[in-house]
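# Overview (structure and organization)
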Amino acid sequence: MAAFSSSSSTKSSFLFSLGVAATIVVLLSQKMRFWSGDGLYLWPSYKFALGASITAALAGIVLAKASSERVKLEPWGFLVVLAVLFLSDWLTKPYNLLQGPSIRGEILLFAALSFYLMRRNLAPLLSIAWILTAILLFISFHQLASGRLLFSDDHAVFQYRLELLKRNFPSIPFYEPRWNGGIDARDFFATGALNFFFLLSPLIYSFPTEKIYNLLVTLMFFFGAPALVYAAARSAEMSRLASSLAATLAITGNLLWYRWAFQYGTVGFLTSLSLVPLNLVLVSRALSDTKELSLKQAVTLGVTFSLMLMWSPSGLVFVPAILWGLIKIRTVLRKRYVLKLALFLLLFNVPWIVMFWSVSNVAKFVTHGGPVYTQMALLERDEQHKFDKASKLDRLSLHKSLEIVRENAVSWNPILFLLSLPGLYFLRRTLGKLLSITAVWLVIVGAGIAPINPRLEFERMFVVLAFMFSLPCGAIIARLLTQTKDHLMPRLQSALASLAAGFLLAGVLSGASVILNRTLVQYAFARPEVWGLCEAAPQFASKGRLLFSGFVLHELSDGHLAPLVNYCGDTEMMASSHVHNVWRYKQIVPAFFMSRIESGGVEEYLDLYNVESVAAHEKFWHDYFTARPEMYSPVWKGEKFEIFKRLNFSGSYVHEGQADSLSVTSNEIKFIARTPNIVLKYNYLPFVTASHCKVAAKEVAPLIDFIELTECPIGEEISVHSVSPLKRLQLEL
């Protein structure tokens with residue numbers, strides 16, 4: 001690797017690299033001050049700094065041409081800019097992974113340690129860095145949790161879906177009668193729950209979900225994810241040191257990774273993300289003109305690519321690879337195992353993708369985030385139409401796209417956006433080219449397409465980009481740590497290389513700080529109210545449903561209501577939404593009934609759905625129930641929710657006809673028919689069927705259809721459930 005020397009080619013490459021690095025930092029920071037936000041400006045104006053950095057890059061190109069040399073991206077110009085960034089206010093920006101100013105001391109400490117290891121030829125000792133990092137983060141999390149259940153945002157929903165898969169797989173999707181009078185449980189593919197479920201199914205089936213969930217998540221995030229990146233690096237023929245640094249950087253290099261993993265709880269997305277680097281490396285071998293794809297690698301790619309696709313948008317990452325493969329299709333198909341691999345991927349994935357795309361309505365989920373049951377879909381139709389009428393072109397803006405890039409870059413360890421470029425150049429060949437064009441594509445999707453419809457959440461592609469960049473960044477830092485002693489200015493270059501290593505290792509402590517909830521990214525555990533509700537629900541909703549009034553989003557321990565039906569003894573419940581598929585305030589009681597609130601419209605709705613008790617957290621509904629002591633009696637109070645029991649509750653899930661011994665599970669309603677014709681207080685959906693009875697829809701109110709059963713044999717047990725997945729596919733098509 002080239003370093004400072006008297007040759008004009010090296011000077012031109014250094015100048016070019018310095019200009020490119022400075023241009024990146026200027027574009028991302030605009031204005032930069034010395035040391036802190038109130039320090040002196042490092043350059044007089046944004047335009048001046050941008051012009052100067054571009055001029056330096058162009059001067060490097062001119063100098064190279066004058067010497068008939070090829071200009072190259074070398075790390076030293078980037079490292080000089082990294083040193084300037086270390087002295088700037090970048091580390092004091094909000095939502096920075098490396099929060100200054102105190103982090104500078106940690107960076108210098110780790111830089112000094114790295115310098116010592118380099119001078120003693122001991123840098124390979126860092127080959128165990130990723131394992132030590134995983135252990136540190138694992139211990140930090142469980143120390144903070146102290147046995148409490150991770151509940152933040154979609155973690156609660158993911159627990160619910162894991163339990164549903166545990167009880168029902170492979171018969172998915174299905175009819176779930178415990179929420180909202182019967183819903184379509186179909187979001188396993190769109191949310192990526194299946195890949196996590198498959199990878200950790202031995203543990204999932206062996207222990208109660210709520211007891212094992214924290215362990216499952218931390219095993220996947222802290223050990224599984226870096227291990228997969230390490231495997232990707234080794235498959236790319238990177239050294240053990242480079243692979244370790246890449247694996248370490250993958251889980252400690254981006255604050256947004258922690259946000260999506262722990263605050264937002266997008267477990268399926270993070271599981272697919274962990275598989276992306278390995279799949280890119282293996283795909284690059286299939287595209288290479290000089291490398292073969294071994295049988296072991298082909299089998300691995302078939303499995304890991306299929307698992308990755310279980311979070312559906314992950315396929316977008318491979319659009320450049322697919323186009324490249326189509327361009328050189330003849331060369332690719334002539335390679336051993338490639339045709340067999342392609343056939344396997346098609347035969348294995350296309351059938352279930354078609355099924356779930358149709359049945360699970362993935363397109364609607366990705367576009368709108370839901371909703372997951374018919375009634376809410378109809379209620380939101382008009383408001384969604386207004387949103388869709390807005391011109392998508394009006395949302396396109398170069399300024400907005402650049403702002404998205406800047407916001408995401410702040411959360412990165414700066415070595416990712418500074419050293420990955422020379423790292424990509426260092427990798428070269430097929431892998432370097434594939435990662436480069438994929439990086440450009442991810443920026444286009446994350447910053448250019450994302451503003452068109454924010455619900456698509458395409459800004460996640462910057463998390464994918466950071467994860468992918470761990471490979472070239474780890475490769476170049478490992479190269480720097482092991483080869484600087486041969487250069488003409490070893491101490492200066494060793495200091496610059498050790499500074500990069502200092503940034504990388506400081507990210508480990510920053511990651512531990514995030515896990516210990518000591519940063520702006522906060523995540524939550526289930527508070528006592530969750531378990532209090534689970535004790536109260538079976539007691540006060542033993543013959544009917546528990547309804548959460550108003551609109552509930554994150555009011556319960558900063559998570560969603562979904563897993564309560566699992567943790568509260570299969571008690572049936574109702575809410576505006578038990579998952580995050582509503583993007584604005586949505587009242588659980590439909591407008592048809594709310595319009596008659598003074599004449600008993602609310603009570604009519606509660607009777608219709610056999611609601612025995614209501615849980616209130618909003619002042620309006622708390623006051624409403626309190627003002628009617630003849631109808632509602634307060635029976636339990638938690639941190640935010642108070643349960644009122646209905647005093648005039650009739651207690652029947654049968655709307656018309658007679659039936660007894662009714663019971664529900666996560667996928668079935670059972671009862672004994674006492675009359676041949678029965679209408680149940682459960683929502684009708686087109687795929688519902690019943691043993692021994694004919695099934696139809698019975699309209700009981702505007703936009704509400706209950707299940708009507710006819711010709712039922714009296715005295716026999718009837719089972720109401722979903723048709724098989726294959727039958728559903730036929731119905732959908």
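Structure first, text after, so check above.
The present account deals with the structure reproduced in this document.

Calculation notes
Residues numbered from 1 in each chain as written. Predicted model: local features only at pLDDT ≥ 70, side-chain atom pairs only at ≥ 80, totals over all residues. Heavy atoms only, no water. Phe/Tyr/Trp six-rings, centres within 6.5 Å; stacked < 30°, edge-to-face > 60°. Helix = DSSP H or I, 4+ residues; strand = E, 2+ residues; numbered from the N terminus. Lys NZ or Arg CZ within 6 Å of the ring centre and 35° of its normal. 1 Å grid on protein atoms, 1.4 Å probe; cavity = no way out; pocket = protein on both sides within 12 Å on 5 of 7 lines; lining within 4 Å. Points joined across faces, edges and corners; volume = space filled by probe spheres on them. Nonpolar A, V, L, I, M, F, W, Y, C, P; charged D, E, K, R; others polar. Contact = heavy atoms within 4.5 Å. Pairing = 2+ DSSP bridges. Axes fitted to C-alpha atoms, helices over the stretch in contact; angles between N-to-C directions. Disulfide = S-S within 2.5 Å. Buried < 20%, exposed > 50% of the residue type's maximum accessible area, 1.4 Å probe, protein only.

## Looking at the packing of aromatic side chains
A full pass over the atoms with the stated rule returns 43 aromatic pairs. Taking 5.3 Å as the distance between ring centres and 45° as the angle between the ring planes, the aromatic pair formed by phenylalanine 551 and tyrosine 585 counts as tilted. Taken together, the positions of phenylalanine 551 in the loop between strand E3 (545-548) and helix H25 (564-567) and tyrosine 585 in the loop between strand E4 (573-574) and helix H26 (591-594) put the pair 34 residues apart, joining distant regions of the chain. The rings of Phe141, Phe221, Phe222, Trp257, Tyr258, Phe262, Tyr523 and Phe525 are connected pair by pair, giving a single aromatic cluster. Positioned over the ring face of phenylalanine 592 is arginine 596, at 4.8 Å from the centre of the ring.

## Describing empty space enclosed by the protein
Evaluated as defined, the whole model comprises 5 cavities of 30 Å³ or more. Here the largest cavity defines a volume of roughly 100 Å³. Taken together, 12 residues line the largest cavity, and the ones lying closest to its centre are Tyr160, Arg161, Ala185, Arg186 and Asp187. Residue assignment for the lining of the largest cavity shows that the elements contributing at least two residues are helix H6 (154-168) and strand E2 (183-185). Of the residues that constitute the lining of the largest cavity, the class distribution is 7 nonpolar, 1 polar and 4 charged.

## Details of the side chain of serine 420
By the element assignment, serine 420 lies in helix H20 (residues 414-427). Beyond its immediate chain neighbours, meaning those up to four positions away, serine 420 contacts Ile415, Phe469, Pro472 and Cys473.

## As for the sheet that holds E3
A sheet is described by the order of its strands in space; here 5 strands give the open sequence E4-E3-E5-E7-E6, paired in mixed fashion. At either end of the open sheet lies a strand with only one pairing partner, and these are E4 and strand E6 (632-637). Helix H24 (residues 528-540) contacts E3, E4, strand E5 (611-616), E6 and strand E7 (642-646) of the sheet and is inclined by roughly 140° relative to E6.

## Digging into the state of the cysteines
Across all of its chains, the model carries 2 disulfides by this definition. Across the disulfide from cysteine 693 sits cysteine 712; the S-S distance is 2.2 Å. For the disulfide bridge between cysteine 693 and cysteine 712, the dihedral angle about the S-S bond is near 135°, and by the sign convention the bridge is right-handed. Taken together, the residues cysteine 693 in the loop between strand E12 (688-690) and strand E13 (694-701) and cysteine 712 in the loop between strand E14 (704-710) and strand E15 (717-722) connect sequence positions 19 residues apart. Look at cysteine 693 and you get buried, because its relative accessible area is 10%. Overall, the relative accessible area of 4% leaves cysteine 712 in the buried class.

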